[in-house]
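Architecture at a glance
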Amino acid sequence: MNTPFCEPAGAAAAELAFLSTFPDFDPHGALAELRRVEYGRLDADAHVYLDYTGGGLHAASQIRDHAELLCTRVLGNPHSNNPTSLAATELVERTRSLVREFFHAPADEYLCIFTANASAALRLVGESYRFGPGGTFALTFDNHNSVNGIREYARRRGAHVAYVPVVAPELRLDRTAMTDTLRAADPSARNLLAFPAQSNFSGVQHDLDLVDEAHDAGWDVLVDAAAFAPTNRFDVAATRPDFATFSFYKVFGFPTGVGCLLMRRDRLDALVRPWFAGGTITIASVQGDGHYLHLDEAAFEDGTVDYLNLPAVGTGLQHIARTGLDSIHSRVACLTAWVLGALAGLHHSNGRPLVQVHGPTGTTARGGTVTFTMRDRDGHPVDDRRVEELAMRVNISLRTGCFCNPGAGEIAHHLGSEAMRKWFVRNEPISFLELRERLYAEHDLLVAAIRISVGIASNFADVYRFMCFLQGFVDKTVDDIGRIEFVSDSCRITRDAA
């Protein structure tokens, strides 16, 4: 596999300039040592990983420590009082305590409910929340589809669904529209607001003071913190959301099948479970035709929790704590600032910009996710799939598509309701791939983008190699760049996810 060509002298000079501009990036060499010891496989494979919003990377020590636990402990299904069950229960509850501690969620105020991922946690809220006639489910245009899907539960129970827009080009929330929406709701009904702490599309960090504004208006608040938590401190005690959702693989890579819902204990009455399962009840009867749910986390943890992988969550949290979340945040901010500046400097010789960033072009209230589209020297859109295909050849991992966030994408691409609604009143369904092809044919518009994101193990060499790769598109036409050579069903799935 060929690697992109960057003159060694150019790379060295660029890194010196970067460190001069951002002296706090790695002043004592801790990041370099962390990467060498814990993430050495990146350099061993000459791989540039720029998909941290899609999934974090695990440290080598996480796997070693977890493997040692599995090899030396005998653990059984927690739903019993035998020695192996009690051992597993102790580890599960220890992990629960570590999660609360990490997110500053007081145990006497918040339940920590383990789920498969953030999407499962969001569904748990959606299916259980007491939506009803007269109530409102409000959500921002900028939301993951796992939040958008909650609207189906709300509508079926007679609640009103209200979307609050974000505004191009920075894709930040329209706070006036949000305030109007909050004030318009019936305060005597159940009203739920959902928004992401950080956009998985643009990297925008929405103001968390929105939680207090919604509470003052009598609303419950659901915060999707999945994209925010890996590089930012989410302080539950300070923010006070009613519900907050997380995926742990986004934070530290492993395990990939565990997330959680942090829920205020005093909001238990806002939820009613639509069913019960093993582990969720204190008792059920066939002939008595009844059941009683637990009054704690167990009521929401269907069946058996992932007790062999849950201890790995504690290991991951301890790894992040040792590394220092504030240090991770600072390093990500430095790299993001450099990337945004470098992208702004990419122009064709005729003056046309190569790249258009969708989201903030500065570093204020934004994370390490950068999404953009590209145009050739004649102004024609460059197929994001072709960019990903060429990046793959040089061992660069990035992400393309809609990122499972249609609302932010529609605003970024200036698509209104008229342009979109006609595709959803047909007798035949349409896929994202088909939609993008139709819009391209009709409007010369690609409704997809390229997303890069930096994280715990990212260094300057990663982003420099990526810029060397992008420079290869300067002064090229679409014909020079070439057409995508391979499309499969798996590619379609990948492009619509995370």
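Our subject is the structure listed above.
Note that the coordinates shown come from a computational prediction; the quantities given were computed from them, not determined experimentally.

Overview of the layout of surface pockets
In this structure, the largest pocket occupies an estimated 990 Å³ of space. Forming the boundary of the largest pocket are 31 residues, of which Arg151, Pro406, Glu410, Met420 and Phe424 lie nearest the centre. For the lining of the largest pocket, the element with the highest residue contribution is helix H16 (residues 406-412), accounting for 5 residues.

Looking at the sheet that holds strand E8 (residues 220-224)
Reading across the sheet, the 7 strands line up as E2-E10-E9-E8-E7-E3-E4 and stay open at both edges, with mixed pairing between neighbours. Each edge of the open sheet carries a strand with a single partner, namely strand E2 (110-115) and strand E4 (160-164). Strand-to-strand twist in this sheet, taken as the mean axis angle between neighbours without regard to direction, amounts to 15 degrees. Bridging between strand E9 (residues 243-247) and strand E10 (residues 259-264) involves 5 bridges; their strand directions are antiparallel. Paired with Phe246 across the strands is Cys260, a residue of E10. Where helix H5 (residues 83-102) meets the sheet, it contacts E2 and E10, and its direction lies at approximately 120 degrees from that of E2. Strands E2, strand E7 (191-196), E8, E9 and E10 of the sheet are contacted by helix H6 (residues 118-128), whose axis makes an angle of about 155 degrees with E9.

Examining the packing of aromatic side chains
Going through the model one piece at a time under the given rule, you end up with 19 aromatic pairs. For the pair Phe131 and Phe137, a centre-to-centre distance of 5.6 Å together with 65 degrees between the ring planes defines the contact as edge-to-face. The pair Phe131 / Phe137 is uniform in exposure class, with both members buried. Judged by centre distance (5.8 Å) and plane angle (80 degrees), the ring pair of Phe141 and Tyr163 falls under edge-to-face. Note that Phe141 is positioned in the loop between strand E3 (136-140) and helix H7 (145-148) and Tyr163 in strand E4, a separation of 22 residues in sequence. Exposure remark for Phe141: the relative accessible area of 24% places this residue in the partly exposed category. Among the residues examined, Tyr163 registers a relative accessible area of 29% and is labelled partly exposed. In this structure an aromatic cluster arises from ring pairing among Phe18, Phe22, Phe25, Trp338, Phe460 and Tyr464.

Criteria and thresholds
Residues numbered from 1 in each chain as written. Predicted model: local features only at pLDDT ≥ 70, side-chain atom pairs only at ≥ 80, totals over all residues. Heavy atoms only, no water. 1 Å grid on protein atoms, 1.4 Å probe; cavity = no way out; pocket = protein on both sides within 12 Å on 5 of 7 lines; lining within 4 Å. Points joined across faces, edges and corners; volume = space filled by probe spheres on them. Helix = DSSP H or I, 4+ residues; strand = E, 2+ residues; numbered from the N terminus. Pairing = 2+ DSSP bridges. Axes fitted to C-alpha atoms, helices over the stretch in contact; angles between N-to-C directions. Contact = heavy atoms within 4.5 Å. Phe/Tyr/Trp six-rings, centres within 6.5 Å; stacked < 30°, edge-to-face > 60°. Buried < 20%, exposed > 50% of the residue type's maximum accessible area, 1.4 Å probe, protein only.

Taken by themselves, the reported measurements are silent on function.
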